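# Residue-level structure breakdown
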Amino acid sequence: LKLLAREGAAAMGAMARRCPALPLALLLAAASGQNRGLDSCPCISVIEGHTGTLVYRPPGSSREYTFPEGYGLGQCGTYDQGREPDCNGASPPAWCSSPWCYVDANACTGASLVSTRYFPAVETLYYSYTTCAASSNSVRKWTEAQEDASRRMLGLVEGYTRASRWKIEHTFADYQASGNCTGGPSRSMCPCADCAANAVWNNEVSFLKLGFLSGADGTAADANKAKCLSQGIATTYLSVAGKEADPNFARVGYQYFADQATGSYTQWPKMDMCPDRQKGFDPRMRPWYAAAATGPKDVLIIVDTSGSMSINDRHVLAKEATKAILDTLTWKDFATIMHFNSRVSDEYGSGTFVPMTDANKDAMKDWMDDRSRSWYSGSTNFRAPMTRAFEIIEASVRAGATSMCQKVIMFLTDGEASFGNSDFEEVRRKALQSDAFIFTYALGAEADTVKTKRLACENRGVFYGVSDDDDLANVMSQYYEYFAYGQEMCSASFLRYSGVGGGHELYSACMSMYDRTKPIPELLGVSCTDINLMADIGQLRREPGWNYLSCVASDMTKMCRHVDLSECARQKIRRAYSSASVCEGAEYADAAAETVCPCTEQSCQDNASYTDEKHYFCDTWVGDDCFNPNPTWGYSDAGMAEIRGQCKRSCGLCNTSSGACGRATSEECPVIPVQQECRACLGRTSGVDINDRPMECPPDAPRDLGYRWNQTDVSASASCGLGARGWSWLRLAMLAAAPARLA
């Protein structure tokens, strides 16, 4: 007999009447010494209405996997170890080797349990890890073995996020091949019919199941695909929750996934999210989503505040859009705001970027809400803000107030202004020197679309024509999608945030998932796992390895990523917004959604542990010329040759196809080992860490090589890692203060 995911409880009841009982051997006590679970939560020996083997068909797949008779029944066992489809890989998640068994939810106390992973149609079937081992939780096991849980935590949570990525990507590939996905039971979080109030979680919650919130975008096919991905990720989420969650669920920690095409949202535990839906909740606009989908960046938001911005409350739209952009940024990013009319009328702060900590983002929003600040007066001048933009970038580099990665200039106007060929040439020169991408937004029918579009087209950006009736905040906050399509993120990004209702400080590991059925991977969504699900953060802070955990999590998140976008890919992004955004006269002006663009070889990667002769890591060369560095930096010819050999991706030296990409599908991300030492101890770094502290080598690190570069640095500012090496004019000006290369 086959128990398929599509079969419901009614079918099980009918089967019970037709089928004989299980063999007596499975119903009687096993041999002495066998673990049959806690007395208060014993393993069951029969799945009601079923005998024989179990057959699992993954969501969207046409392939079936046969599970042996007695799978999960009668006693605790490591039933999943080495078993397809989730536990037979080279680096299986930790739950694969943990003992468990099926239990009766109505006869189980003192142990955590979750709904069946593989057979969701059997809504009364549950399983438990904690009934089989009091120490199923990884941190508890490490603590009992007197091991440092903080030091081992990154490998554990990275493994779980990697398992989530594998599951999502393979579920999507299966769906693309089969074209259908059998629906499971309703898991709606609006309303959440089976949720109950929980004071610790400050919401109505169900810990037994996953919840699903449908998105507002996409086609009917996209919506069905999103449900299929949600069903697919259930296997991993329920396994992690069953193994790692506190038995009494007294420790708050989530697992969650957002789908790129629709904005749908999947979460463990299931929770009432009707209030969030009523507020227009879109998970793709949350910091965790953009943080996992893109690398660090510096963002300069330039807003027109001329008199015409009072028309149709455009100033209100501009303020909302600016806040929405800030909400996509996290501690690894830097940003600032500039207002202009006939001149630069206002700036946030002291003329440099600031790190996007929660405190700084709140301060910037308060600055915008200050009633004394004018949002509509005067005429329009494009030259003044563009000139000032590069002055701010220069000052930020000089002060070390930078992510060391790409710069993004977002230019919003509803007016017209003179801007000649020499102005465009100057902007283009400075944008290349600073590795800046320019996105322009022409708001309203009166806005200049010719000059704004040219600014974007000549500077690797996208032009957006936005009517007064469009959702400006949504349009502008989607800028990160450009970088998401050009930066394949293969390791986890980490962030710290406050849980629902506040009061819970949560640390999360997030990872991007990709459609690999195409030659060039495209973003499917983002999945996150909270470290709090596995451990009490207060306890981890008391562990000797906490500084290591914080520093390496920060390292993994702060690494610059090369933007691997051809002009073909940029034209496709532009056309996806509007045909009016396509850059006429440029290459690939006729590129359509189905066009296969050139691609680079995915196996071409940097040596992540390499530091050059001035103690900079490969990723700090993103956007710089690795063939013609400024001679004042002091690099030898041999040193530069070594950089080109070790840092091919960051230097932009990976082989690129001369025409359409020749491969049929894209490769899966490699398993990137968690580094054993903090990069701040081995080379130059800058900015803040995940706890908003200066990024520096922890005092308890096994070694600190900072003396190698500190001996040659005259001032603290000179020791900061600064990007944009192409600026010979800046390097020369700084040479007296900092003989070493600033990177």
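No experiment lies behind these values; they were computed from the predicted model shown. (Residues numbered from 1 in each chain as written. Predicted model: local features only at pLDDT ≥ 70, side-chain atom pairs only at ≥ 80, totals over all residues. Heavy atoms only, no water.)

## Focus: helix α17 (residues 567-577)
Counting buried positions over the 11 residues of α17 gives 8, a clear majority of the element. Of all the residues in α17, the buried ones are Glu567, Cys568, Ala569, Arg570, Gln571, Lys572, Ile573 and Arg574. Where the residues of α17 are buried, they touch α12 (450-457) and α14 (480-484). (Buried < 20%, exposed > 50% of the residue type's maximum accessible area, 1.4 Å probe, protein only. Helix = DSSP H or I, 4+ residues; strand = E, 2+ residues; numbered from the N terminus. Contact = heavy atoms within 4.5 Å.)

## A word on empty space enclosed by the protein
Inspection of every chain in the model, using the stated rule, returns 4 cavities of 30 Å³ or more. Space inside the largest cavity adds up to approximately 60 Å³. Residue lining of the largest cavity: Ser403, Met404, Asp555, Lys558, Met559, Arg679, Thr685, Ser686 and Met695, and that is the complete set. Of the residues contributing to the lining of the largest cavity, the split by class is 3 nonpolar, 3 polar and 3 charged. (1 Å grid on protein atoms, 1.4 Å probe; cavity = no way out; pocket = protein on both sides within 12 Å on 5 of 7 lines; lining within 4 Å. Points joined across faces, edges and corners; volume = space filled by probe spheres on them. Nonpolar A, V, L, I, M, F, W, Y, C, P; charged D, E, K, R; others polar.)

## Some details on the environment of aspartate 80
Tracing the chain through its elements places aspartate 80 in the loop between β4 (65-67) and β5 (101-103). With relative accessibility at 1%, the residue aspartate 80 sits in the buried group. Taking the C-alpha atoms as reference, aspartate 80 lies 62 Å from glutamate 425; in sequence the two are 345 residues apart. Among residues more than four places away in sequence, those in contact with aspartate 80 are Tyr71, Cys87, Trp95, Cys96, Trp100, Arg117, Tyr118 and Tyr129.

## Structural notes on unusual backbone geometry
Following cysteine 190, the chain continues to proline 191 via a peptide bond in cis, the omega torsion being 0°. As for its position among the elements, proline 191 is in the loop between α4 (149-178) and β8 (196-198). The peptide bond linking tryptophan 268 to proline 269 adopts the cis configuration, its omega dihedral lying at 0°. Take proline 269: it is sitting in the loop between β12 (265-268) and β13 (270-271). Its identity is not glycine, yet asparagine 312 carries a phi of approximately 50°, on the positive side. The phi angle at histidine 615 is positive, at roughly 75°, despite the residue not being glycine.

## Examining the nonpolar core
One finds Tyr102, Met153, Trp268, Trp288 and Phe494 to be the most contacted residues of the largest nonpolar core, which totals 141 residues. No other element matches the 8 residues that α4 contributes to this core. Beyond its immediate chain neighbours, meaning those up to four positions away, phenylalanine 494 contacts Leu154, Val157, Trp331, Ser508, Ala509, Ile531, Ala553, Met556, Thr557 and Ile690. (Core = buried A, V, L, I, M, F, W, Y, C linked by side-chain atoms within 4.5 Å.)

## Quick word on the packing of α4 against helix α5 (residues 220-244)
Their axes nearest at 9 Å, the elements α4 and α5 cross at an angle of 150°. One finds that α4 runs roughly antiparallel with respect to α5. In this structure, α4 crosses over α5, and the sense of that crossing is right-handed. Residues of the contact of α4 with α5, tallied by class, amount to 12 nonpolar, 7 polar and 4 charged. (Axes fitted to C-alpha atoms, helices over the stretch in contact; angles between N-to-C directions. Parallel < 35°, antiparallel > 145°, perpendicular 65-115°, else oblique. Left-handed = near helix turned anticlockwise from the far one by under 90°.)

## Topic: the state of the cysteines
What is meant by a disulfide is a covalent connection between two cysteines, made through their sulfur atoms. Within the structure shown, the criterion is met by 18 disulfides. Here cysteine 604 engages in a disulfide with cysteine 654; their sulfurs sit 2.1 Å apart. Linking cysteine 604 and cysteine 654, the disulfide has an S-S dihedral of approximately -80° and is accordingly described as left-handed. Taken together, the positions of cysteine 604 in the loop between α17 and α18 (637-646) and cysteine 654 in the loop between α18 and α19 (707-710) put the pair 50 residues apart, joining distant regions of the chain. Neither residue differs from the other here; cysteine 604 and cysteine 654 are each classed as buried. For cysteine 618, the disulfide goes to cysteine 647, at an S-S distance of 2.0 Å. Residues cysteine 618 and cysteine 647 are joined by a disulfide whose S-S torsion is about -70°; by sign, that bridge is left-handed. Placement of cysteine 618 in the loop between α17 and α18 and of cysteine 647 in the loop between α18 and α19 is noted, with a sequence separation of 29 residues between them. (Disulfide = S-S within 2.5 Å.)

## Here we look at helix α16 (residues 546-558)
Here α16 contains 13 residues, and its C-alpha end-to-end distance of 18 Å stays within 8% of the 18 Å for a straight helix at 1.5 Å per residue. Burial of α16 is extensive: 12 of the 13 residues sit out of reach of the surface. Residues Trp546, Tyr548, Leu549, Ser550, Cys551, Val552, Ala553, Ser554, Asp555, Met556, Thr557 and Lys558 constitute the buried set of α16. In this structure, the buried residues of α16 make contact with α4, β21 (493-498), β22 (505-515) and α15 (537-541). (Expected span 1.5 Å × (residues − 1).)

## Side note on the sheet that holds β8
Paired through backbone hydrogen bonds, the strands of a sheet run either parallel or antiparallel to each other. If you walk across this open sheet you meet the 3 strands as β8-β9-β13, and the pairing is antiparallel. Two strands close off the open sheet at either side, each with one partner strand: β8 and β13. As judged from the 2 bridges shared by strand β9 (residues 203-206) and β13, these two strands associate in the antiparallel manner. In the sheet register, serine 206 faces β13, and the bridge partner there is lysine 270. (Pairing = 2+ DSSP bridges.)

## Some words on the sheet that holds β12
The 6 strands lie next to each other as β10-β12-β11-β23-β22-β21, forming an open sheet whose pairing is antiparallel. Strands at the two margins of the open sheet, each flanked by one partner only, are β10 (211-213) and β21. Between one strand and the next, the sheet's axes are offset by a mean angle of 20°, whatever the strand orientation. Bridge count between strand β11 (residues 255-259) and β12: 4 bridges; the pairing is antiparallel. The partner of phenylalanine 257 across the bridge, within β12, is threonine 266. The strands touched by α4 are β11, β21, β22 and β23 (522-530); relative to β22, the strand with the most contacts, the crossing angle is about 35°.

## Describing the side chain of glutamate 543
Mapping glutamate 543 onto the fold places it in the loop between α15 and α16. In this structure, glutamate 543 is buried with no salt-bridge partner, the nearest side chain bearing the opposite charge being arginine 542 at 7.6 Å. With residues near it in sequence (within four places) discarded, glutamate 543 still touches Thr143, Glu147, Asp148, Ala149 and Ser150. (Lys, Arg positive; Asp, Glu negative; His and termini not counted. Salt bridge = Lys/Arg side-chain N within 4 Å of Asp/Glu carboxyl O.)

## Concerning the packing of aromatic side chains
Counted by the stated rule, this structure contains 40 aromatic pairs. Each ring, one from phenylalanine 249 and one from tryptophan 268, has its centre 6.1 Å from the other, and the planes form 50°; the classification is tilted. Highlighted residues: phenylalanine 249 in the loop between α5 and β11 and tryptophan 268 in strand β12, separated in sequence by 19 residues. We note that phenylalanine 249, like tryptophan 268, is buried. Aromatic side chains tyrosine 289 and tyrosine 480 sit 6.1 Å apart centroid to centroid with 70° between the ring planes, which places their arrangement in the edge-to-face category. Taken together, the positions of tyrosine 289 in helix α7 (residues 287-293) and tyrosine 480 in helix α14 put the pair 191 residues apart, joining distant regions of the chain. In this structure, tyrosine 289 and tyrosine 480 share a single accessibility class: buried. Feature note: the residues Tyr56, Phe67, Tyr71, Tyr79, Trp100, Tyr102, Tyr118, Phe119, Tyr127 and Tyr129 constitute an aromatic cluster, connected by ring pairs. (Phe/Tyr/Trp six-rings, centres within 6.5 Å; stacked < 30°, edge-to-face > 60°.)

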